[in-house]
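Remarks on the overall topology
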Amino acid sequence: MIPTVVLPVIVGGLYAAGVYLLLDRSLTRVLLGFLLLGNATNVLILSAGGVAGLAPILPVDDVGDINDPLPQALVLTAIVITFGISAFVLAMIYRSWRLVRDEVVQDDAEDLRVATREEVDADERDPEDMPLADRGPGDGFTVEREPLAGEVVPPSDDVDLELARAEAAENESAEARAAGDPGRTPPGGRPVDRREEH
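Rules of the game
- Residues numbered from 1 in each chain as written.
- Predicted model: local features only at pLDDT ≥ 70, side-chain atom pairs only at ≥ 80, totals over all residues.
- Heavy atoms only, no water.
- Helix = DSSP H or I, 4+ residues; strand = E, 2+ residues; numbered from the N terminus.
- Contact = heavy atoms within 4.5 Å.
- Areas by Shrake-Rupley, 256 points an atom, 1.4 Å probe, with all protein chains shown as cover.
- Patch = residues over 30% accessible without salt bridge, like charges linked within 9 Å, V, L, I, M, F, W, Y side chains within 5 Å.
- Salt bridge = Lys/Arg side-chain N within 4 Å of Asp/Glu carboxyl O.
- Buried < 20%, exposed > 50% of the residue type's maximum accessible area, 1.4 Å probe, protein only.
- UniProt positions renumbered as here; feature names shortened; annotations may be inferred.
- pLDDT = per-residue confidence, 0-100.
- Axes fitted to C-alpha atoms, helices over the stretch in contact; angles between N-to-C directions.
- Parallel < 35°, antiparallel > 145°, perpendicular 65-115°, else oblique.
- Left-handed = near helix turned anticlockwise from the far one by under 90°.
- Nonpolar A, V, L, I, M, F, W, Y, C, P; charged D, E, K, R; others polar.

1. Observations concerning the overall build of the chain
- Secondary structure assignment for the chain yields 6 helices and 0 strands.
- Listed by position from the N terminus, the elements making up the chain come as α-α-α-α-α-α.
- Relative to all contacts within the chain whose residues are 6 or more apart in sequence, the contacts with residues 24 or more apart total 43%.
- Of the roughly 16100 Å² that the chain leaves accessible, carbon and sulfur atoms contribute 61%.

2. A few points about a nonpolar patch on the surface
- A surface patch of nonpolar side chains, about 230 Å² in accessible area, is lined by V6, L7 and I10.
- One can find V6 in helix α1 (residues 6-22).

3. Description of the pattern of salt bridges
- All told, the structure shown has 2 salt bridges when counted by the stated rule.
- In this structure, R29 engages D24 in a salt bridge whose closest nitrogen and oxygen atoms are separated by 3.0 Å.
- We classify R29 as partly exposed; its relative accessible area is 42%.
- What makes D24 partly exposed here is its relative accessible area of 29%.

4. Focus: the environment of N39
- If you trace the backbone, N39 turns up in helix α2 (residues 27-48).
- Exposure remark for N39: the relative accessible area of 41% places this residue in the partly exposed category.

5. Focus: the side chain of T82
- Note on placement: T82 falls in helix α3 (residues 69-100).
- Apart from residues lying up to four places away in sequence, T82 is in contact with F34, L35 and G38.

6. Here's the deal with the UniProt feature "transmembrane region" (unreviewed entry) in the chain
- What UniProt calls "transmembrane region" (unreviewed entry) maps, in this numbering, to residues 6-23, 30-58 and 70-94.
- Taken end to end, residues 6-23 is 94% helix and 0% strand, and its first and last C-alpha atoms sit 26 Å apart.
- Between the first and last C-alpha atoms of residues 30-58 the distance is 42 Å; the span itself is 66% helix and 0% strand.

7. Notes on the confidence of the model for the chain
- On average, the chain scores 77 in pLDDT, and the residues at 70 or more come to 69%.
- Element-level mean pLDDT values for the chain span from 53 in helix α6 (residues 194-197) up to 94 in α1.

8. Here we look at the environment of L27
- With respect to the helices and strands, the residue L27 is situated in helix α2.
- With 75 residues separating them along the chain, L27 and D102 place their C-alpha atoms 9.5 Å apart.

9. Quick word on the packing of α1 against α2
- Packing of α1 against α2 leaves a shortest axis separation of 7 Å and a crossing angle of 155 degrees. On the basis of their axis angle, the class for α1 and α2 is roughly antiparallel. The chirality of how α1 crosses α2 is left-handed.
- Its residues assigned to classes, the contact of α1 with α2 comprises 16 nonpolar, 5 polar and 1 charged.

Shown next as structure tokens:
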């Protein structure tokens, strides 16, 4: 067999076009680029398999006349994988179109802000000099608002130790009073009905 230049050129062209389309922001072009890459890989594997021969399931006298089944199995597997990933990318394109009526991946504003932020060592950082958007919670500079009407305010985790002890003692005395009065609810459950005990 005389080596031909046609298949390597085709494979190289498919790979080049696939990578070019894959690097685009349009999801449709990404899908087309992925399909071209899959097809280039299939052609590469089949061309590496050698010359065409007889099917490996037919009885033959010379083993050299049989085609190698491994490249065909690899191509079949690659086709299935390409089909599955293409279906996933198509679902992403459809979802993007339904949500924003566009299938082009946009710049994320938060990523751009973080990328353009200057590098500052954490030990040299002064929260007063930072923009409000860069300040994290718990740095002492967060603004607390008044609770809205009917809004339940969670208890603070900055409870004074003496206040916590006083609250625990008050809870213990309330539990003791509830245990002495049969009409009250005990500390961990429902009211005890004395008629159920008999």
